[in-house]
Amino acid sequence: MLSVADKVIEAVKAGQISHFFLVAGCDGAKPGRNYYTEFVKQTPKDSIILTLACGKYRFNDLDLGTIGGLPRILDMGQCNDAYSAIQVAVALAGAFKCGVNELPLCLRPFLVRTKSSLHTLNLVTLRHQEHSSWSFSAAFVSPNVLKFLVDNYGIAPITTPEEDLKSLLKK
């Protein structure tokens, strides 16, 4: 992503890119476990999807078109590469002379294992409640932890791709 930062910045300034969606989620093999694929399919045509998960192979082959010569899906790596996503967010904020919270960046983490949860929660520190565009899915999150995440970071559990996109694009 940083190697094409100049093209990304140019496309944002030209109004070609309205949002970035960091999709760090893995769909399952069982029927019905396709939230992230459906979410990616429904993102606005003027948005870029940054992938950060091993399950991206389920939607990396979708033809979502291009923006300014860039594919709409840009690979950020595996869940272990969350630091790279942080660096991209910080670099974009620097390029636009704004804070990370002012970027049109929506985050879609999927917390399934301790390792991916820790990497993903590192991304949480970039966002504040009033600008948050987070939701997540994690079977192991207790009601108290969920309340803390909602109250302190504006994070909420995922619902449906349609409802979540509607909610994220309001912010």
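Residues numbered from 1 in each chain as written. Predicted model: local features only at pLDDT ≥ 70, side-chain atom pairs only at ≥ 80, totals over all residues. Heavy atoms only, no water.

Quick look at the overall build of the chain now. In terms of helices and strands, the chain carries 6 helices and 8 strands. Its helices and strands taken in sequence order, the chain reads α-β-α-β-β-β-β-α-β-α-β-α-β-α from the N to the C terminus. The burial tally for the chain puts 46% of its 171 residues in the buried class. Contacts in the chain between residues far apart in sequence, at least 24 positions, make up 65% of those at least 6 positions apart. Of the accessible surface of the chain, which amounts to about 8700 Å², a share of 56% is contributed by carbon and sulfur atoms. (Helix = DSSP H or I, 4+ residues; strand = E, 2+ residues; numbered from the N terminus. Buried < 20%, exposed > 50% of the residue type's maximum accessible area, 1.4 Å probe, protein only. Contact = heavy atoms within 4.5 Å. Areas by Shrake-Rupley, 256 points an atom, 1.4 Å probe, with all protein chains shown as cover.)

What follows covers the packing of helix α2 (residues 35-42) against helix α6 (residues 161-170). Helix packing geometry: the angle between the two helix axes and the distance between the axes. The interhelical angle for the contact between α2 and α6, taken along N-to-C directions, is 50 degrees, at an axis separation of 9 Å. When the axes of α2 and α6 are compared, the pair comes out oblique. Crossing angle aside, the handedness with which α2 passes α6 is right-handed. Residues Tyr35, Glu38, Phe39 and Gln42 of α2 form the contact with α6, whose participating residues are Pro161, Glu162, Asp164, Leu165 and Leu168. Here the contact of α2 with α6 is composed, by residue class, of 5 nonpolar, 1 polar and 3 charged. (Axes fitted to C-alpha atoms, helices over the stretch in contact; angles between N-to-C directions. Parallel < 35°, antiparallel > 145°, perpendicular 65-115°, else oblique. Left-handed = near helix turned anticlockwise from the far one by under 90°. Nonpolar A, V, L, I, M, F, W, Y, C, P; charged D, E, K, R; others polar.)

At Lys97, a residue that is not glycine, the phi angle is positive and equals roughly 50 degrees. Among the structural elements, Lys97 can be located in the loop between α3 (82-95) and β6 (105-109). Since its relative accessible area comes to 75%, Lys97 is described here as exposed.

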